[in-house]
Amino acid sequence: MPDGRDPVPSSPTENALSGPTEKCGVVGVSLTERDAARPLYYSLYALQHRGQESAGIVTHDGFQQHDHVEMGLVGDAFDEDDIESLRGSAGIGHVRYPTAGSVDKSCAQPFTVSFRSGALGLSHNGNLVNADDVRDELAAQGHAFTSDGDTEVIAHDLARNLLEADLVRAVKRTMGRIHGSYSLAIMHDDTVLGVRDPEGNRPLCIGELEDGYVVASESAAIDTLDGELVRDVRPGELVVLRPDGEGFDSYQLFEREHTAHCFFEHVYFARPDSVIDGSLVYEVRRELGRKLWDESGIDTDVVMPVPDSGRAFASGYAEAAQEEDSKVEFAEGLMKNRYVGRTFIMPTQDERERAVRLKLNPIKSTVEGKTVTLVDDSIVRGTTSTQLLALLRDCGAAEVHMRIGAPPIAAPCYMGINMATRDELIAADKSTEEICDEIEADSLAYLSTEAVADALGEERDDLCMGCVTGEYPYDIEGEEMDSAHAANPKPEL
Ligand code: AMP
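Just so you know, these numbers come straight off a predicted model, no measurement behind them. (Residues numbered from 1 in each chain as written. Predicted model: local features only at pLDDT ≥ 70, side-chain atom pairs only at ≥ 80, totals over all residues. Heavy atoms only, no water.)

Visitor: Which residues make up the site of the ligand, and what values go with them?
Guide: Inspection of the region around the ligand gives 17 residues, with Asp376, Asp377, Arg381, Gly382 and Thr384 positioned closest. Val380 is positioned with one of its backbone polar atoms (N or O) 2.8 Å from an oxygen atom of the ligand. The side chain of Thr384 places a nitrogen or oxygen atom 2.5 Å from an oxygen atom of the ligand. Relative to its unbound accessible area of 500 Å², the ligand is 95% covered by the protein chains. Among the elements of the structure, helix 8 (263-269) and helix 13 (383-394) are those that each provide at least two residues to the shell around the ligand. (Near = heavy atom within 4 Å. Polar contact = N/O pair within 3.5 Å; in protein donor to acceptor, adjacent residues only side chain to side chain. Areas by Shrake-Rupley, 256 points an atom, 1.4 Å probe, with all protein chains shown as cover. Helix = DSSP H or I, 4+ residues; strand = E, 2+ residues; numbered from the N terminus.)

Below is the structure:
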């Protein structure tokens, strides 16, 4: 990060990656009857959970580009005049994930660059693991960079390739040089494209609207526009939205034996009402909850979710328990203050602890004197669970058992989810029993990796579980590559 305060790369190994790791939301629309700005603005609202640091829209009116990119939430970044000024029926948008303390507009997107053969706009979700190599090579050829982000590297590489090749070949050349996770909404003059990396790490889908087409990180954005989800963009695929609104062209530019879909999108990150890689996230979370009961169910008086992240898991868990005549009852025992942001953006441990207390308050009658199972999607640093267990005990709970709808998070994410560094992750060097002692639970159980693959309806080798296993589907300096993806190392430049 420009200010050096990105919470992700901090150990020497993790510094091997350049720029911020970004989990973001992208969208692109191509329409025939109206300007693109308003539908883009609504889509960004639907994708707000994917990034709250900055929001931006770039449109093209057939002659020139128009852009508006601001720090902050979508609702604060645009006013009516801004939307009016964004002329043209083609456009792309972006919301960027907050990184601690960062207020740097140079990383806000969409990224734009004008060059001899046109104007480019780029929205990126994911993280390249060889951005430094590509940047060094381009810089040696005279490209000047204004940010340390990897998106600018993709934009410059593509602009250079467009000087020598048509659009599809240029995209293919760039995809052959960059390595890592990327879902992109691109605009070349007034043509809108969607691109997903060959492993399909981050989501991207295509939707049909009344007067055109849309590509978006999540299908919830398509629903917001009253559109129909057509399908996911396939890993390694380029889709080009036809400017006449008559559909899209598909080019399968790369094919791999195994995908590397991020399981954590389903566990935590995506909206429950989105369909990702063919599965409705809400149903996946309920299924994960059901499997949690099958693997480690315990008969307590109540099962309660950590709101909102644990809710679908706890309801699946309770349903499976009741089918087996367990006495356990689903209850809401913690109330959430909606006006407190995600605790992760708090840069210090002290602030993170304070934020948990600000965010959640127990309902005494559902807790006092009861044996309780508390269900959440994940434990990262252990802050939330430690605080909540203490809170529930203070409130008179007789026993508190913790059940987690994912395996232990033991290694950092380099692919665009802002987790924590290895030394901050509670499971990096502790066993489940040690964690149970540390968070002071009566018992603790995580879900197995097999159960996760099963609930997602995917082969284990088609999932990225780098943050669980410490073995990654991409070739990252200082880290192990997993065997399913070892055939596709970082390209030699
Ligand atoms: P922690 O308190 O550090 O153990 O984090 C676990 C809590 O944070 C859980 O309630 C999760 O729902 C939530 N969480 C997990 N991953 C993330 C993330 N990447 N960003 C923000 N919150 C997260």
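Visitor: Got a sec to walk through the pattern of salt bridges? Specific residues and values, please.
Guide: A complete count under the given rule lists 37 salt bridges for this structure. Note that Glu84 is salt-bridged to Arg87, the shortest N-O span being 4.0 Å. By relative accessible area, which is 39% here, Arg87 ends up partly exposed. Between Lys430 and Asp429 there is a salt bridge, with the nearest N and O atoms lying 4.0 Å from each other. Here Lys430 falls in the partly exposed class, since its relative accessible area comes to 30%. What emerges from the salt-bridge pattern is a single network uniting Asp35, Arg38, Glu80, Glu84 and Arg87. (Salt bridge = Lys/Arg side-chain N within 4 Å of Asp/Glu carboxyl O. Buried < 20%, exposed > 50% of the residue type's maximum accessible area, 1.4 Å probe, protein only.)

Visitor: Describe the sheet that holds strand 23 (residues 443-445), naming the residues involved and giving the relevant values.
Guide: The strand order across the open sheet formed by five strands is 18-17-21-22-23, and the pairing between neighbours is parallel. Two strands lie at the open edges of the sheet, namely strand 18 (329-330) and strand 23, each paired on one side alone. As defined by bridge partners, strand 21 (residues 371-376) adjoins strand 22 (residues 399-404) across six bridges and the pair is classed as parallel. Bridge pairing in strand 22 links Val375 to Arg403. Where helix 9 (residues 281-296) meets the sheet, its contacts fall on strand 21, strand 22 and strand 23, and the angle it forms with strand 22 comes to roughly 120°. This element, helix 13, spans strand 17 (302-305), strand 21 and strand 22 of the sheet and lies at about 155° to strand 22. (Pairing = 2+ DSSP bridges. Contact = heavy atoms within 4.5 Å. Axes fitted to C-alpha atoms, helices over the stretch in contact; angles between N-to-C directions.)

Visitor: Give me the lowdown on the domain arrangement of the protein chain, citing residues and values where you can.
Guide: Frequently, the measure chosen for interface size is the accessible area removed from exposure when the parts meet. With domains assigned, the protein chain is organised as domain 1 (25-260) and domain 2 (280-455). Distance from the C-alpha centre of domain 1 to the C-alpha centre of domain 2: 35 Å. (Domains from an automatic or database assignment.)

Visitor: Can you break down the pairing of strand 5 (residues 111-115) residue by residue, with the values?
Guide: Here strand 5 shows one buried face, formed by Phe111, Val113 and Phe115, and one open face, formed by Thr112 and Ser114. Examined bridge by bridge, strand 5 and strand 6 (residues 118-128) share five bridges and lie antiparallel to one another. By the bridge assignment, Phe115 is partnered in strand 6 with Gly118. The hairpin turn running from strand 5 into strand 6, its antiparallel successor, is two residues long.

Visitor: Give a description of the packing of aromatic side chains that names residues and reports values.
Guide: Counted under the stated rule, the structure contains nine aromatic pairs. Ring geometry for Tyr41 versus Phe78: centroids 5.7 Å apart, planes at 75°, classification edge-to-face. With Tyr41 in helix 1 (residues 37-46) and Phe78 in the loop between helix 2 (74-77) and helix 3 (80-85), this residue pair connects regions lying 37 residues apart in the sequence. For the pair shown, Tyr41 and Phe78 are each scored as buried. Geometrically, the ring pair formed by Phe263 and Phe264 is edge-to-face, given 5.9 Å between the ring centres and 75° between the ring planes. Judged by relative accessible area, Phe263 falls into the buried class, the value being 1%. (Phe/Tyr/Trp six-rings, centres within 6.5 Å; stacked < 30°, edge-to-face > 60°.)

Visitor: Can you lay out unusual backbone geometry for me, pointing to particular residues and giving the numbers?
Guide: Each neighbour pair has its own omega, and for Gln109 with Pro110 the value is 5°, a cis peptide bond. By secondary structure assignment, the location of Pro110 is in the loop between strand 4 (90-96) and strand 5. In the segment running from Pro307 into Asp308, the intervening peptide bond is cis, with an omega of -10°. Within the secondary structure, Asp308 sits in the loop between strand 17 and helix 10 (311-323). Look at Asp277: it is not a glycine, yet its phi comes out positive at around 45°. As for its position among the elements, Asp277 is in the loop between strand 15 (275-276) and strand 16 (279-280). If you check the backbone angles, Glu440 has positive phi at about 60° while not being a glycine. Following the sequence through the fold, Glu440 ends up in the loop between helix 14 (432-439) and strand 23.

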